[in-house]
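Close look at the chain arrangement
In case you want the letters, here they are:
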Amino acid sequence: MSAETASAPRESTLPKTDAADFAPRSEFLKVMKERGFIAAMTDPQGLDETLRDGAVPGYIGFDATAPSLHVGSLIQIMMLRWLQKTGHKPIVLMGGGTTKVGDPSFRAEERPLLSEEQIAANIAGIRKVFGRYLDFGDGPTGAIMVNNAEWLDDLNYLEFLREIGRHFSVNRMLSFESVKSRLEREQSLSFLEFNYMILQAYDFLELWRRHGCRLQMGGSDQWGNIVNGIELARRVEGVELFGLTSPLLTTADGRKMGKTAAGAVWLDPSMLSPWEFWQFWRNTADADVERFLKLYTELPVEECERLGRLEGAAINEAKIILANEVTKLAHGEEAAREAESTARKVFAEGGVGEALPTLTLSPAEIGEGISVVQLFVRSGLVPSGKEAKRLIAAGAARMAGEKVTDPGRMVTAADLAEPVKISAGKKRHALVSLKADDEG
């Protein structure tokens, strides 16, 4: 699924072909190659010919471990979007079943198990995210969302072992890097987690049976899992399926894509405001601009390359274009426009802007006063009081444009008669306002 189960090339009997060695003729693979989406494929020529024969159903799996996806999943979302835009059928596979197991994914310990109610709520939240990127429908290219609980929940264990389990070698499974790394560190790997790779392979088989799915895509950490599904379908059904992986992305400074010091960059506006989302992209490192424009926007490749070549102050306009285009896809054109307008007011004109995240407090909540540390925590600018105090000690906390020097400072209702801007460093800001009495 969307978790990180890595596999070395030696783990598969299927050849692993790099995109650089292949000149595609199908529109989808041309887009994937020229925009930098391809790390490897199992049978490039076969996939290319299949894509030219008509609409091909292809899927990517996402486990329902949170009520939204974050920017780390955006490359996979864009792959599904391009699949549809080039005349094929995207299948979003939600891991309602596999989320109950948990992918080992190089983790030091087992994932906490979620209840069925939590999983269902997470799937509903993730569906809203995909509604921005895909057109769902019953036609040949209409996207569908499928839950693998449909076939996993009612499996007969003994029958599954006889029909599916016999096709998997434990020796080979133990050689997978995701398993080996846990065992070499002498960290526990439960039998529950060990089953995950078999279940994911079975997903591909079932999607072929139910929806004629021919293609599975995912991050390059998914290579072994994808190959398992292809080989299982070949043995059980005698059908030829295909796999395509994308590079695992890190930013130019080596950070994992989608993670910041403040936490995950969520795609749901209720978990991260469009303004903060826009700011994340506006703060892209110079070295990442061209690559991110190609991967995360639909601007022509030539324009992405032109913008990526800009230097000095001019590259900042390219970053604004990047932020606008990505925010437009995720949250709509109006949200992107408001975010840019707010950025110009905050940074260029010294104002506050309307799109800043806002903490609204009632007089009762403030009482005789609320600490400035709590304002920074409750506004989401820092994750904890300890971080707020560290920010203040570093001289990076401001309120109403003035440096905050005393972590014990108390803020009263009178101080908030007008909305006040608080800032963590130069790039992260929020408003604090007083709730009117008639608002309850």
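Preceding this section is the structure that the text describes.
Residue numbering note: each chain is counted from 1, following its sequence as written. Residues qualify for local features only when their pLDDT is at least 70, as the model is predicted, and side-chain atom pairs are given and counted only at 80 or more; totals for whole chains, interfaces and linings, by contrast, use all residues. As a rule here, side-chain values cover all heavy atoms of the structure and leave hydrogens and water aside.

1. Notes on the overall build of the chain
Elements are defined by DSSP. Helices are runs of H or I of four residues or more, strands are runs of E of two residues or more, and each kind is numbered from the N terminus. In terms of regular secondary structure, the chain is built from 19 helices and 15 strands. Counting contacts in the chain only where the partners sit at least 6 residues apart, residues at least 24 apart contribute 73% of the total. Contact definition: two residues touch when any of their heavy atoms are within 4.5 Å.

2. Quick notes on helix 14 (residues 301-308)
The set of residues buried in helix 14 consists of V301, C304 and L307. End-on view of helix 14: buried residues confined to an arc of 125 degrees, all on one side of the axis. On the buried face of helix 14, the contacting elements are helix 1 (27-34), helix 13 (289-296) and helix 15 (314-331). Burial classes follow relative accessibility: with a 1.4 Å probe on protein chains only, a residue under 20% of its type's maximum area counts as buried, one over 50% as exposed, and anything between as partly exposed. Think of the arc as the fan of directions from the helix axis to the C-beta atoms.

3. Examining a nonpolar patch on the surface
A cluster of nonpolar side chains, namely Y157, L158 and L161, defines an oily patch on the protein surface of about 320 Å² accessible area. When you line up the elements, Y157 lands in helix 6 (residues 157-163). Patch definition: residues above 30% relative accessible area lacking any salt bridge, with like charges linked at up to 9 Å and the nonpolar side chains Val, Leu, Ile, Met, Phe, Trp and Tyr linked at up to 5 Å. Working definition of accessibility: Shrake-Rupley area with a 1.4 Å probe, residue cover restricted to the visible protein chains. Salt-bridge detection follows one rule: a side-chain nitrogen of Lys or Arg within 4 Å of a carboxyl oxygen of Asp or Glu.

4. As for the side chain of N122
Structurally, N122 is set in helix 4 (residues 116-130). The class of N122 is buried, set by a relative accessible area of 9%. N122 has contacts with A64, T65, A66, P67 and L114, leaving out every residue within four places of it along the chain.

5. Thoughts on the packing of helix 13 against helix 14
Note on definitions: angles span 0 to 180 degrees between N-to-C directions of axes, and those axes are lines fitted to C-alpha atoms, for helices only across the stretch in contact. Helix 14 packs onto helix 13 with a crossing angle of 160 degrees between their chain directions and a minimal axis gap of 8 Å. On the basis of the axis angle, helix 13 is roughly antiparallel to helix 14. Regarding helix 13 and helix 14, the two cross each other, and that crossing is right-handed. Residues V289, E290, L293 and K294 of helix 13 lie in contact with helix 14, whose contacting residues are V301, C304, E305, L307 and G308. Here the residues of the contact of helix 13 with helix 14 sort into 5 nonpolar, 1 polar and 3 charged. Between 65 and 115 degrees an angle is taken as roughly perpendicular, under 35 as roughly parallel, over 145 as roughly antiparallel, and anywhere else as oblique. The hand of a helix crossing depends on one turn: near helix anticlockwise from the far one by less than a right angle means left-handed, and clockwise means right-handed. Three residue categories are used. Nonpolar comprises Ala, Val, Leu, Ile, Met, Phe, Trp, Tyr, Cys and Pro, charged comprises Asp, Glu, Lys and Arg, and polar comprises the others, including Gly.

6. Brief notes about the pattern of salt bridges
Summed over the entire model, instances satisfying the criterion amount to 16 salt bridges. One salt bridge in this structure joins E298 and R81, with 2.3 Å as the shortest N-O distance. Here E298, found in the loop between helix 13 and helix 14, pairs with R81, found in helix 3 (residues 74-85); they are 217 residues apart in sequence, far enough to count as distant. When its relative accessible area of 28% is taken as the criterion, E298 is described as partly exposed. Several salt bridges share partner residues, and in doing so they unite E150, E206, R209, R210 and E237 into one network.

7. Structural notes on the side chain of S371
Mapped onto the elements, S371 comes out in strand 10 (residues 370-371). Relative accessible area serves as the criterion here: at 17%, S371 is assigned to the buried category. Among all residues touching S371, those that are not within four sequence positions of it are R409 and M410.

8. Quick look at the sheet that holds strand 3 (residues 89-94)
Overall, mixed pairing links the 6 strands, which are arranged 1-6-5-2-3-4 in an open sheet. Each having just a single partner strand, strand 1 (40-41) and strand 4 (144-147) make up the two edges of the open sheet. With 4 bridges connecting them, strand 3 and strand 4 associate as parallel partners. From the neighbouring strand, V92 faces strand 4, where its bridge partner is M145. When DSSP finds two or more bridges between two strands, those strands count as paired.

9. Some details on the environment of L29
Considering the arrangement of structural elements, one finds L29 in helix 1. Residue classification places L29 among the buried positions, given a relative accessible area of 0%. Sequence separation between L29 and L47 is 18 residues, and the spatial gap between their C-alpha atoms is 8.9 Å. The contact partners of L29, leaving out residues within four places of it in the chain, are F22, P24, I38, M41, P44, L47, D48, L51 and L244.

10. Digging into the packing of aromatic side chains
Classification of ring pairs rests on two measures: the distance between centres of Phe, Tyr or Trp rings, Trp counted by its six-membered ring, which must be within 6.5 Å, and the angle between planes, read as stacked under 30 degrees, edge-to-face over 60 and tilted in between. All told, the structure shown has 8 aromatic pairs when counted by the stated rule. Here the aromatic rings of Y59 and F204 are separated by 5.4 Å at their centres, their planes lie at 65 degrees, and the arrangement is edge-to-face. Taken together, the residues Y59 in strand 2 (residues 57-62) and F204 in helix 10 (residues 196-211) connect sequence positions 145 residues apart. With relative accessibility at 0%, the residue Y59 sits in the buried group. On the basis of relative accessible area, F204 is assigned to the buried category, the value being 0%. For the pair F62 and F130, a centre-to-centre distance of 5.2 Å together with 65 degrees between the ring planes defines the contact as edge-to-face. Residue F62 is found in strand 2, and its partner F130 is found in helix 4; the two are separated by 68 residues along the sequence. Overall, F62 belongs to the buried group, its relative accessible area being 0%.

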